[in-house]
Amino acid sequence: EQWMGSQIPYPLTYDKIKKLENKFSIFNGEEFIGMIQEVRIEEDNIHIGRFVLNPQKTGLGFGTEALKKFIDFIFKDENIRSISLTVFDFNKNAKQVYEKTQINRNLSENEE
């Protein structure tokens, strides 16, 4: 409920989220394992409001890979200059994914 609100009960399934707008589903083969949702576009920024991964799939690199692909997809739109999100301070695993992805993105941009 902390991330999805009361509209979508746990456990998260594809059928529960398929009507949400601006969502990007995360699959491992045929298995639905999570989602990223852009919730707000402000000028040249997209804000991520929900990034949820099946707790049994964390720590396996799926979140990092999904975020990288999401970032690449979003930046294909030349009008978008930044992506933002908010993360709880206690959510150390999520912070590591976000920081690692940003570091990797900066390295890729500097190499070009």
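Preceding this section is the structure that the text describes.
All values derive from a computational prediction rather than experimental measurement.

Visitor: Mind laying out helix α2 (residues 62-74), listing which residues take part and the relevant values?
Guide: Every α-helical turn comprises 3.6 residues, leaving residues that sit three or four positions apart pointing alike. Given a rise of 1.5 Å per residue, 13 residues ought to cover 18 Å, and the 18 Å separating the end C-alpha atoms of α2 matches this to within 8%. Every buried residue belonging to α2 is among Gly 63, Thr 64, Ala 66, Leu 67, Phe 70, Ile 71 and Ile 74, and all of these are buried. Buried residues of α2, viewed axially, fall in a sector of 165°; they line one side.

Visitor: Explain the pairing of strand β2 (residues 31-42) to me, and be specific about the residues and the numbers.
Guide: Where strand β1 (residues 23-28) meets β2, six bridges bridge the pair, whose relative direction is antiparallel. Residue Asn 28 lies in a different strand from β2, and its bridge partner there is Glu 31. Linking β1 to β2, which pair antiparallel, is a turn of two residues; within it Gly 29 sits at a positive phi near 65°. In this structure, β2 lies alongside strand β3 (residues 45-53), joined through eight bridges in antiparallel fashion. Bridge pairing links Gly 34 to Leu 53 in β3. Here β2 folds back onto β3, and the loop between the two strands holds two residues, one of which, Glu 43, carries a positive phi near 55°.

Visitor: I'd love a proper account of the packing of aromatic side chains, names of residues and values included.
Guide: Taken as a whole and assessed by the stated rule, the structure comprises five aromatic pairs. Where Phe 24 meets Phe 70, the ring centres are 4.9 Å apart and the plane angle is 80°; that geometry is what we call edge-to-face. Taken as a pair, Phe 24 in strand β1 and Phe 70 in helix α2 lie far apart in primary sequence, 46 residues in all. Exposure remark for Phe 24: the relative accessible area of 23% places this residue in the partly exposed category.

Visitor: Please set out the pairing of strand β4 (residues 82-85) residue by residue, giving values where relevant.
Guide: As judged from the four bridges shared by β3 and β4, these two strands associate in the parallel manner. By the bridge assignment for β4, Ile 48 is matched with Leu 85. Taking the sense of rotation as the criterion, the β-α-β connection linking β3, α2 and β4 turns out right-handed.

Visitor: Summarise the pattern of salt bridges; cite the residues concerned and give the values.
Guide: All chains considered together, the criterion is met by three salt bridges. Salt-bridge contacts for Glu 42 lead to Arg 40; the nearest nitrogen and oxygen are separated by 2.9 Å. Across the pair Asp 89 and Lys 95 runs a salt bridge, and its minimum N-O distance is 2.9 Å. Look at Asp 89 and you get exposed, because its relative accessible area is 55%.

About the cut-offs
- Position labels on residues start from 1 in each chain and follow its written sequence.
- Note on the predicted model: pLDDT of at least 70 is required for a residue's local features to be given, and 80 or more for side-chain atom pairs to be given and counted; whole-chain, interface and lining totals, by contrast, use all residues.
- Side-chain metrics in this entry use all non-hydrogen atoms of the structure; hydrogen atoms and water are not considered.
- Under the DSSP-based scheme used, a helix requires at least four consecutive residues in state H or I and a strand at least two consecutive residues in state E, with every element numbered from the N terminus.
- In a helix, the anticipated span is given by 1.5 Å times the number of residues less one.
- Per-residue accessibility, obtained with a 1.4 Å probe over protein chains only, is compared with the maximum for each type, and a residue is labelled buried under 20%, exposed over 50%, and partly exposed between these values.
- Taking the helix axis as origin, the arc is that swept by the directions to the C-beta atoms.
- Here the rule is simple: two strands pair whenever DSSP picks up at least two bridges between them.
- Think of it this way: a Phe, Tyr or Trp ring, Trp meaning its six-membered ring, pairs with another when their centres are within 6.5 Å, and the plane angle makes it stacked under 30 degrees, edge-to-face over 60, tilted otherwise.
- Crossovers are marked right-handed if the path from the first strand over the helix to the second runs clockwise, as seen with the strands pointing away from the viewer.
- The term salt bridge refers to a pairing of a side-chain nitrogen on Lys or Arg with a carboxyl oxygen on Asp or Glu at a separation within 4 Å.

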